[in-house]
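# Reading the structure
Residue-level listing of the chains:
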Amino acid sequence: MKSLLSCGLAALMLNLVLAPALPAKPAETPPGLRVVKNLDYAGAGNSRQMLDLYLPEKASEKPRPLLVYIHGGGWEEGSKDDGAAFFPLLADGRLAAASIGYRLTDQAHWPEQIFDCKAALRWLHAHAKEYGYDPDRIGLFGISAGGHLVSLLGTSAGVAELEGAIGGAKEPPVKIKCVANFCGPADFITFGNASPKTGAENPKGPIAKLLGGTVKDRQAEAKAASPVTYVTADDPPFLHIHGTKDPLVPYAQVLEFDAQLKKAHVPSTVLTGTDAGHVFFSGELVQDLRTFFARHLLDGTKDVTEGPVATK
């Protein structure tokens, strides 16, 4: 069973990059999960401002923790239907999950993407009892552009200017228990232009599309959109996964982010893919993700060990 899950996730992850994603056929939902599709968290009828829930069919004595996934695609492509990336993390039935959609850069620029994600979290918190998951045990997982967004959610709780007013009801900021960031940008100011395709100064690149211009011309926006800007001691624990030869998001990004978190005494663990590119996969990595979420959402006692992780 583990090998089947691993193969399916590996194939899907090839589409979940920061650069424009290849069209991906949504993966089949594993048995044992009830799926509730297209819940409108914004109340606007926009298909991109919706989320899907994946709820274990088997009854539980107490509400399960919720794993929230945010997809990649350079903020310009991708879909909440890419959520099969977290299916292996649901295999034992101990977690419920949500996959969030958000407006892409053909519809909106920064800060609308984080406004959407914050609104989705507020909606999930408010509707927990209705769907039977625990609103006080929420963990985040994002890949590439989604890694950026979950990192920003993790560091910016309570930052009023990033909350937005989507969805109407003013819920208090949602407390996040942990964040898994896979290859996400952390600091647009230092991102650089090493990759002509995704560099911060490419006026047609994904970062410029997100910010409404290059970093050089959008310094304030670039700083405000960077997760490192908001690091404080009360941030949740982070797990980072990044390849040393990532051609799209420099490996230096995760080192800078990790250093800032540790300086603030926030638990931060880096899993390094030696010589790996942007978004890689292995069975060992899935197990480390399971261990991380079990520790922080299920009171597990085992910790993830920082250092190299298998890439195949």
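Residues numbered from 1 in each chain as written. Predicted model: local features only at pLDDT ≥ 70, side-chain atom pairs only at ≥ 80, totals over all residues. Heavy atoms only, no water.

## Focus: helix 2 (residues 112-126)
Between its terminal C-alpha atoms helix 2 stretches 21 Å, which fits the 21 Å expected from 15 residues at 1.5 Å a residue. Burial within helix 2 is extensive, with 12 of its 15 residues counted as buried. Those residues of helix 2 that fall on the buried side of the exposure criterion are Q113, I114, F115, D116, C117, K118, A119, A120, L121, R122, W123 and L124. (Helix = DSSP H or I, 4+ residues; strand = E, 2+ residues; numbered from the N terminus. Expected span 1.5 Å × (residues − 1). Buried < 20%, exposed > 50% of the residue type's maximum accessible area, 1.4 Å probe, protein only.)

## Notes on the pattern of salt bridges
Counted under the stated rule, the structure contains 16 salt bridges. Across the pair K80 and D52 runs a salt bridge whose closest N-O atoms are separated by 2.8 Å. Taken together, the residues K80 in the loop between strand 3 (64-70) and strand 4 (96-100) and D52 in strand 2 (residues 50-56) connect sequence positions 28 residues apart. Here the two residues K80 and D52 agree in accessibility, since each one is buried. With its nearest N and O atoms 4.0 Å apart, the salt bridge here joins K80 to D81. Look at K80 and you get buried, because its relative accessible area is 7%. One salt-bridge network, held together by shared partners, links K37, D52, K80 and D81. (Salt bridge = Lys/Arg side-chain N within 4 Å of Asp/Glu carboxyl O.)

## A short note on the environment of C178
Within the element layout of this structure, C178 appears in strand 6 (residues 178-182). Considering only alpha carbons, one finds C178 and G300, 122 residues apart in sequence, at a separation of 13 Å. Excluding anything up to four places from it in sequence, C178 contacts I138, G139, L140, P236, P237, F292, F293, H296 and L297. (Contact = heavy atoms within 4.5 Å.)

## Brief notes about the packing of helix 2 against helix 4 (residues 145-155)
In contact at an axis separation of 10 Å, helix 2 and helix 4 are set at 65° when each is read in the N-to-C sense. The handedness of the crossing between helix 2 and helix 4 comes out as right-handed. On helix 4, the residues that touch Q113, I114, C117, K118 and L121 of helix 2 are L149, L152 and L153. The residue inventory of the contact of helix 2 with helix 4, partitioned by class, reads six nonpolar, one polar and one charged. (Axes fitted to C-alpha atoms, helices over the stretch in contact; angles between N-to-C directions. Left-handed = near helix turned anticlockwise from the far one by under 90°. Nonpolar A, V, L, I, M, F, W, Y, C, P; charged D, E, K, R; others polar.)

## Digging into the state of the cysteines
Enumeration according to the criterion identifies zero disulfides in this entry. This cysteine, C117, is not joined by any disulfide, and C178 carries the nearest cysteine sulfur, 17 Å off. What makes C117 buried here is its relative accessible area of 0%. (Disulfide = S-S within 2.5 Å.)

## Observations concerning empty space enclosed by the protein
Summed over the entire model, instances satisfying the criterion amount to one cavity of 30 Å³ or more. Estimates place the volume of the largest cavity at around 80 Å³. Residue lining of the largest cavity: K118, L121, R122, L153, A157, E163, P173, V174 and I176, and that is the complete set. No other element matches helix 2, which puts three residues into the lining of the largest cavity. Along the lines of polarity and charge, the residues of the lining of the largest cavity split into six nonpolar, no polar and three charged. (1 Å grid on protein atoms, 1.4 Å probe; cavity = no way out; pocket = protein on both sides within 12 Å on 5 of 7 lines; lining within 4 Å. Points joined across faces, edges and corners; volume = space filled by probe spheres on them.)

## Thoughts on the side chain of T291
Position of T291 among the secondary structure elements: in helix 8 (residues 283-297). Looking at T291, the relative accessible area reads 9%, which means it is buried. Once residues lying within four places of it in the same chain are set aside, the contact partners of T291 are K302, D303 and V304.

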